[in-house]
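Each chain, written out:
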Amino acid sequence: MRAGRAATRVALIVIGLVLPARGDISGRVRRGDTLAPLAGVRVHLQAQPTPLAITDGEGRFTLPVAPAGEVVVSAALPYDAAAAVSFETGGATASDGQRAVDIRLAPIPDASNPDYEPIKAAMPGGCGDCHSQQLGEWQGSHHAGAAVDTWVLDLFSGSGTPGGSAGYVYRATHDAGETGFCATCHAPVAEARAPGTVYLDEVSGDAAREGVTCSACHQIDEVNENVAALHLLGNATMRFPLAGAGGSGTHEYVWGPLDDVDYAFMRASYQPRFAESRFCASCHQYDNPDTGAPGQHTYSEWLASPYAVPGDGFRTCQDCHMPEATSAGPLADAIGGGDITRPAAQRHLHTFIGSTPATLAAAIELRLAAHLDGAALVVEASVDNHGAGHSFPTGVSIRNALLVVEATAGDAALARLDGPTVPWWADDDVAGVQEGDYAGQPGLGFAKILAGRINGSGAETMPVLFIDAERVESDTAIAAGATASASWRFALPDGTTEAQVGARLLYRRAFRALAVTKGWTVTPAGGPIEIEVARAERTVPIAVGFCAGDCNGDGAVTVDELVTAVSIALGSAGLERCSAVNTAEDTVVTISELIAAVNAALGGCPDD
């Protein structure tokens, strides 16, 4: 027995000599001021989110890793705006097998810097000094320059374009002192101290006039569940901790979606909300604060979409509008020897891609079919919103879309017998019918039409902006995952041999009447106001001569007459086919039998 135990010990010793010892890294995470242990802290190697350790009640952690060289062990406590104390992320260098690694997280100062003005994004002196790639992406987005958006300025003060004072102007129709809350989202850093008090046309300062800039997002510390409130008026908060001599370090306090940012020139905090759709709700979900009428409801549209359901198909706003980079790389420019390389999943584009011809075509599908029903042509069309995580269209209420259906024979339009028509709001306010006016034509309209009184007085009008809205007149936007379908019947004149059917799906960034009144010909970014999302066309062959073949009006035609009718529809192939069926001149068929025969010869009702 003793000999067996000795042999076992020898074997274990040999195994220990052959197999390398596990190189776990362990240590503690403590407060930087009191050195008290911190529980619930996320610990992992920087830029390597797994394996992940969570500190226990004594602040202890063990990482089952064996790095080849020196690494940075990062630590972050998820930010909680309601917590008594919140902390910056932190880290410490360590090597394989190192024990007693000591990581200390600095508390974020409670005091706020009353004199702080968020810094600009542009170089020199801005965030782009270190984040030039993100700066370049952002500068091409609609977020950049939102404070000087010409359309918004036209609507607010009439000062955006040469024709901007025509038609509706908020400041000309509302009480003095009313700001319309435009700057709350379009120039948020200008309103950081007193939300709702800034006139958009009076915004000044480099950072404020940049619009939705770096600080406008990354110095937001929380977006709460009060999504009906407009951004800083109750849904989001910004935080400017007082630090450094005279508050010189306030700009270094930023929040973001990564839990391992430990950088000498930033005081970063890990805020998981940045990776959630609710973060975007701060500007893309709100109601009229007085009437409750909806402004933007993009976030709630997403909540009701298939993309919000946990599982393989789950997608956040950021997944689509801030997609991952295509390759690994740094988050910041090389400074002092270079920045750490991060996987593509940790590098998200800051282009904030929205409605473009490509994204619309990928998200929205148009389907078209047509068939004969007696002497009528039936057209069926469907618009599928199976690719967007929100309604089509979404966003501000001036966005709209049209489905225009046309049926012609030769050069003549076929008369509509029944089926829906394009709504009244598709036209401009100019007398007569101009190119681009489609109201009353066969088709559909997709929009949220808000009704209300301007400045709360006078007669009700529509469509109005959310700030004047008192109710929803109609909402025909297509929900995410839904389909809008309709059918139309068109009269077929005698002698028609072929009909052409077409459908066009048009997306408009503004109601046509508004764009024409203001003289808008392009978007503020120089893009098209109207985008053709999809087009479909069908040719429908029609067998003719049925009634004309019944020369004596007795409800029957001869085989010769049948051959002639089918030949018109099918050419020589039809002639041969029908001649081979029956050549007896005294054989007759009824009109209904003739129609059935011709339809069979045509192969039914082709859709293509």
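Conventions and cut-offs
- Residues numbered from 1 in each chain as written.
- Predicted model: local features only at pLDDT ≥ 70, side-chain atom pairs only at ≥ 80, totals over all residues.
- Heavy atoms only, no water.
- Helix = DSSP H or I, 4+ residues; strand = E, 2+ residues; numbered from the N terminus.
- Buried < 20%, exposed > 50% of the residue type's maximum accessible area, 1.4 Å probe, protein only.
- Pairing = 2+ DSSP bridges.
- Axes fitted to C-alpha atoms, helices over the stretch in contact; angles between N-to-C directions.
- Phe/Tyr/Trp six-rings, centres within 6.5 Å; stacked < 30°, edge-to-face > 60°.
- Salt bridge = Lys/Arg side-chain N within 4 Å of Asp/Glu carboxyl O.
- Core = buried A, V, L, I, M, F, W, Y, C linked by side-chain atoms within 4.5 Å.

Visitor: When you look at unusual backbone geometry in this model, what are you seeing that I'm missing?
Guide: Note: most residues except glycine have negative phi, and most peptide bonds are trans. Cis geometry marks the peptide bond from Met 123 to Pro 124; its omega dihedral reads -10°. In this structure, Pro 393 follows Phe 392 across a cis peptide bond, with omega equal to -5°. Note that Pro 393 resides in the loop between β15 (376–385) and β16 (400–409). Positive phi, normally seen in glycine, also occurs at His 231, with a value near 45°. Among the structural elements, His 231 can be located in the loop between β8 (220–223) and β9 (236–238). Taking relative accessible area as the criterion, His 231 reaches 2% and is therefore assigned buried.

Visitor: How should the sheet that holds strand β1 (residues 25–31) be read in this particular structure?
Guide: What the 3 strands build is an open sheet, ordered β4-β1-β7; its pairing is mixed. Two strands in the sheet have a free side with no partner beyond their single neighbour: β4 (60–63) and β7 (101–105). Within this sheet the neighbouring strands show an average axis-to-axis angle of 30°, counted without direction. Sheet topology places β1 next to β4; 4 bridges connect them, and they run antiparallel. Considered in β4, the bridge of Ser 26 is made with Thr 62.

Visitor: Could you clarify how one ought to interpret the packing of aromatic side chains in this entry?
Guide: A full pass over the atoms with the stated rule returns 11 aromatic pairs. In textbook terms, an aromatic cluster arises when at least three aromatic residues are bridged by ring pairs, as seen for Tyr 299, Trp 302 and Phe 314.

Visitor: What am I meant to see in the pattern of salt bridges here?
Guide: Pairing between side chains of opposite charge can happen when the charged atoms of each approach one another. Using the criterion set out here, one finds 24 salt bridges in the structure. The partner of Asp 384 in a salt bridge is Arg 367, with the nearest N and O atoms 2.8 Å apart. A residue pair is termed long-range when its members are at least 10 positions apart, and Asp 384 in strand β15 and Arg 367 in strand β14 (residues 364–373) qualify at 17 residues. Linked by salt bridges that have partners in common, Arg 30, Asp 102 and Arg 104 make up one network.

Visitor: What should I look at first to understand the nonpolar core in this one?
Guide: Soluble globular proteins tend to pack their nonpolar side chains together in the buried interior. Of all hydrophobic cores here, the largest spans 44 residues; its most connected members are Leu 200 and Val 203. Of all hydrophobic cores here, the second largest spans 37 residues; its members include Ala 407, Ile 478, Phe 490 and Leu 505.

Any functional reading would require information that these geometric values do not contain.
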